[in-house]
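So the chains spell out like this:
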Amino acid sequence: MKYRPVPIKRVLPGSIAQESDLQEGDLILSINGQKISDIFDYRFLIADENLVLEVQKKNGEIWEIEIEKDEYEDLGIEFENLMIDDTKSCRNKCIFCFIDQLPKGMRETLYFKDDDSRLSFFMGNYVTLTNMSYDDIDRIIKYKMSPINVSVHTSNPELRVYMLRNKTAGDVMDKIKRLIEGGIKVNAQIVLVRGVNDGKELDRTLKDLSALYPGLNSISVVPVGITKYREGLYELKPFDMESSREVIKQVEAWQMELLSKYGSRIVFIADEFYIMAGLEIPDYCVYEDFPQIENGVGLVAMLKKEFDDYFEELELKLENKREVSIATGVSSYKYIKEMIDILENKYKNLYVHVYKIKNNFFGENVTVTGLLTGQDIERQLSGKNLGRELLLSESMLKSGERVFLDDYTVEMLEDKLKTKITIVKNNGKDFIEKVLGIVL
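Residues numbered from 1 in each chain as written. Predicted model: local features only at pLDDT ≥ 70, side-chain atom pairs only at ≥ 80, totals over all residues. Heavy atoms only, no water.

Student: Describe the pairing of strand β4 (residues 62-68), with residues and values.
Tutor: Pairing analysis gives seven bridges linking strand β3 (residues 50-56) to β4, with the strands arranged antiparallel. Bridge assignment links Asn50 to a residue of β4, and that residue is Glu68. The hairpin formed by β3 and β4 contains five residues between the paired strands, and Gly60 there has a positive phi angle of roughly 95°. (Pairing = 2+ DSSP bridges. Helix = DSSP H or I, 4+ residues; strand = E, 2+ residues; numbered from the N terminus.)

Student: How would you sum up the side chain of Lys69? Please name residues and give values.
Tutor: Along the chain, Lys69 falls in the loop between β4 and β5 (77-79). Within the buried core, Lys69 has no salt-bridge partner, and the shortest N-O distance to an opposite charge, that of Glu73, equals 5.9 Å. A polar contact of 2.6 Å, which involves the side chain of Lys69, links it to the backbone oxygen of Ile46. Each residue touching Lys69, except ones within four places of it in the same chain, is listed here: Ile16, Ile46, Ala47, Asp48, Glu49, Leu51 and Leu75. (Buried < 20%, exposed > 50% of the residue type's maximum accessible area, 1.4 Å probe, protein only. Lys, Arg positive; Asp, Glu negative; His and termini not counted. Salt bridge = Lys/Arg side-chain N within 4 Å of Asp/Glu carboxyl O. Polar contact = N/O pair within 3.5 Å; in protein donor to acceptor, adjacent residues only side chain to side chain. Contact = heavy atoms within 4.5 Å.)

Student: Outline the pairing of strand β9 (residues 216-223), supporting the account with residue identities and numerical values.
Tutor: β9 sits mainly inside the fold: seven of its eight residues count as buried. Of the pairings in the sheet, the one linking strand β8 (residues 186-192) to β9 comprises seven bridges and is parallel in character. Counted as the bridge partner of Val186 is Leu216 from β9. The parallel pair β8 and β9, bridged by helix α7 (residues 200-210), forms a crossover whose chirality is right-handed. Handedness of the β-α-β unit built from β9, helix α8 (residues 241-262) and strand β10 (residues 267-269) comes out right-handed. (Right-handed = clockwise from strand over helix to strand, strands pointing away.)

Here it is in structure tokens:
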């Protein structure tokens, strides 16, 4: 474990840190006599009500700062790196890795393969646990890093070693059990690869994982993502309508069995399977508390529910004609169009052009809205009637920035299309407000 002085990047105004005369550039040497290796040491140590910070000021002076605060109250300090130390990279060479399928020339950060349990806790990322020792597992338990999202894929040790191309990948069930025994909630992900971990292997994995409920909180089954950039890589076969229906039938049978046994379905199917199968997305209640919505499981049901709830209470009158456009992915087009039809039926002076954008950048097998690029939107919408503004989902953009995956910016796209672009949050209320032009 490497310990180092931790430089402060920013002190939040009005925070405890500001009141304690901490400043940008100060170095935190220790907290209550203990040095810091990463963000979890820091979070764990500042939870106490009484703190003594050993700090090296920018002029070299060493201060001891005593702080009294509420338990778990934050100090109001930001660091250069969220993790404080370096993010752990992935040691696997998965046969289905999406990053291996990216074209050259994209921004460098997109090619970094993280596999860091701390990012799972903070950001919801999925980790394989292959670069973690049992001491690391115990540290997760010590710091109560719950829940943690684990990419399991299969509970068959030999098959997991094969799929991840990592000889240490076979002990995932032992590590999950140790986490659960230590009080850590686990959400498991199965990226389903046709002809590899589906069929009987999927049954085995669902049986092994569901037996760990309620410590094993949920399981998602998502289809493997396949781009057109697979030259020299493992041959993957995409799911089609028939094979998607087989997966749905198989997993829904498990849902009914588990619901009867445990009172929860435990396992949930990604929206993409239903879309590929040409079947209706299940009702809102089927997804229970939406434990893996960030993984594309229940997104459509949630959006429709939020839309319906807000639409019912909406009393707005649209006085003037409003004409706008929406660009969306192939998989979500049907649902966006249905919601627009409802709005246009109520507001006769509303005109919305919904455009289905084909993903030429990654290939036709990639149909989700979040992987659309600025250049595909530009090329397919040039010369089209876009109305007074173009609405785009925030899922297309880098978190916290107005940048697409191909480094197009929103401003660049506005300039090329000669149209104002409005970004829509991923919820039904904001969708309605942006379509109708409601300014709150």
